[in-house]
Amino acid sequence: MKKKNGKEQEAVEEARLWRKKLLQEEEPEQEELAYSFELEGRGLAKRYSILKREEGEEDSKKARKVEILRTVVLKTFDKAIKYCPDMLQFLMDKMLFLRELKNYEAMEEICQQMIEIDHQFFWAYFYLQEAYEGQGKAQEIIDTFYQAKELYAGLPEIYERAVRVFRHYEMYKEVKDILRQAKEAQVDSPYLMVKRLERMEE
C-alpha cells in the first residue's frame, strides 16, 4: 500500500529546514527553535496516526515502526518544552499525543504542570478529568468537575464523566444533581438526555 505521508512529511521537512537556518545564526532565538520542534512534532504525530491505521504490512514489522515513531514524537515535543517549559501550547501538544496513546498517568502529570503554570487554564482541568477517568480515580473526577465548571460550564463531557462515576457507585441522588447542573448551564448531549430520561422513569 502506498503511504500517504504527503502533508505530514512536508511539515516535518519544513520544520527541520527552518531549524537548520536558525542554528546557523550566532544566537538563535530559543522560542523559534522551540516552535520548529513543535511543528516537527505535530507532523510526526499525524504520521503516527496514519501509520497506526495503515494495513498491508506484517504485524511485527508495523509494530516496530509504530514504536519507533512514538518515541521520536515524544522526544521531539520534549525538545520544544525544553526550550520553553512554560509554554502551554507545547505542553498541550504532548498531552494530546499521550491521550492518543491512552497514557493517562502521563496525561495527568502534564495537566498538573499546566495548572501550576496557569491555574485558570480550563483545558488543563478538562483533560485532567479525562485522565482521572482513564485511571478510575473516582473522587478526583468529581473534584475536577467542579474546578472545570467554575472556569467554564458549557461542555457536556465534564458532566458526563461525573454522571458515570456516580452511576457506577449507584449514587443516584448525586446523578440527579449533576444532571440538574447541566440543565441550569443549558448544556446537553445525547448521553445526558438519555440519563435524564432514565431518572424520569424511575
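Details of the structure are given in the entry above.
What comes next is a walk through the structure. In this text the structure is predicted, and so the values were computed from the model without any measurement. (Residues numbered from 1 in each chain as written. Predicted model: local features only at pLDDT ≥ 70, side-chain atom pairs only at ≥ 80, totals over all residues. Heavy atoms only, no water.)

Another point: the overall build of the protein. When helices and strands are tallied, the protein shows 10 helices and zero strands. If you list the helices and strands of the protein from N to C, you get α-α-α-α-α-α-α-α-α-α. By the compact-globule yardstick of 17 Å for 202 residues, the protein is too spread out, its C-alpha radius of gyration being 21 Å. Its C-alpha atoms give the protein principal-axis dimensions of about 65 × 45 × 25 Å. Counted over contacts in the protein with a minimum sequence separation of 6, partners at least 24 positions apart contribute 57%. Computed over 36 positive and 42 negative side-chain charges, the inter-centroid distance for the protein is 6 Å. (Helix = DSSP H or I, 4+ residues; strand = E, 2+ residues; numbered from the N terminus. Rg over C-alpha atoms; globule rule 2.2 N^0.38 Å. Contact = heavy atoms within 4.5 Å. Lys, Arg positive; Asp, Glu negative; His and termini not counted. Charge placed at Lys NZ, Arg CZ, Asp CG, Glu CD.)

Okay, the nonpolar core next. One finds Met95, Met114 and Tyr159 to be the most contacted residues of the largest nonpolar core, which totals 55 residues. Of all the secondary structure elements, the ones that give two or more residues to this core are helix 2 (30-53), helix 3 (59-83), helix 4 (88-100), helix 5 (104-117), helix 6 (122-135), helix 7 (138-151), helix 8 (156-168) and helix 9 (172-184). Element by element, the count of residues in this core is highest for helix 6, at eight residues. (Core = buried A, V, L, I, M, F, W, Y, C linked by side-chain atoms within 4.5 Å. Buried < 20%, exposed > 50% of the residue type's maximum accessible area, 1.4 Å probe, protein only.)

Attention now goes to the packing of aromatic side chains. Geometrically, a pair of aromatic rings is defined through the distance of the ring centres and the angle of the planes. A complete count under the given rule lists 11 aromatic pairs for this structure. Taking the centre distance of 6.0 Å and the plane angle of 15° together, the rings of Phe37 and Tyr83 count as stacked. Taken as a pair, Phe37 in helix 2 and Tyr83 in helix 3 lie far apart in primary sequence, 46 residues in all. Geometrically, the ring pair formed by Phe145 and Tyr146 is edge-to-face, given 4.8 Å between the ring centres and 70° between the ring planes. Here Arg164 stacks its cationic end above the ring of Tyr191, 5.4 Å away from the centre of that ring. (Phe/Tyr/Trp six-rings, centres within 6.5 Å; stacked < 30°, edge-to-face > 60°. Lys NZ or Arg CZ within 6 Å of the ring centre and 35° of its normal.)

The subject of this paragraph is the environment of Leu33. Secondary-structure assignment places Leu33 in helix 2. Once the C-alpha coordinates of Leu33 and Asp78 are considered, the two residues, 45 residues apart in sequence, prove to be 12 Å apart. Excluding residues that lie within four positions of it along the chain, Leu33 makes contacts with Arg19, Leu22, Leu23, Pro28 and Tyr83.

Following both chains from N to C, one finds helix 1 (residues 6-23) and helix 2 inclined at 160°, their axes separated by 8 Å at the closest point. On the basis of their axis angle, the class for helix 1 and helix 2 is roughly antiparallel. Viewed along their axes, helix 1 and helix 2 form a crossing whose handedness is left-handed. Here Glu8, Gln9, Ala11, Val12, Ala15, Arg16, Trp18, Arg19, Leu22 and Leu23 of helix 1 lie close against helix 2, whose contacting residues are Glu32, Leu33, Tyr35, Ser36, Phe37, Leu39, Glu40, Gly43, Leu44, Lys46, Arg47 and Ile50. For the contact of helix 1 with helix 2, the residue count by class is 12 nonpolar, three polar and seven charged. (Axes fitted to C-alpha atoms, helices over the stretch in contact; angles between N-to-C directions. Parallel < 35°, antiparallel > 145°, perpendicular 65-115°, else oblique. Left-handed = near helix turned anticlockwise from the far one by under 90°. Nonpolar A, V, L, I, M, F, W, Y, C, P; charged D, E, K, R; others polar.)

Looking now at the pattern of salt bridges. Enumeration over the complete set of coordinates arrives at 16 salt bridges. Taking the shortest distance from any N to any O, the salt bridge between Asp78 and Lys94 comes out at 2.6 Å. Residue Asp78 is located in helix 3, and its partner Lys94 is located in helix 4; the two are separated by 16 residues in the primary sequence. Notably, a salt bridge pairs Glu130 with Arg161, separated by 3.3 Å at the nearest N-O pair. Here the residue Glu130 occupies a position in helix 6, and Arg161 occupies one in helix 8, the gap between them amounting to 31 residues. For Glu130, a relative accessible area of 13% gives the class buried. Residue Arg161 is classed as buried on the basis of its relative accessible area, which comes to 4%. If you follow the salt bridges from partner to partner, you end up with Arg99, Glu130, Glu133, Arg161 and Arg164 in one network. (Salt bridge = Lys/Arg side-chain N within 4 Å of Asp/Glu carboxyl O.)

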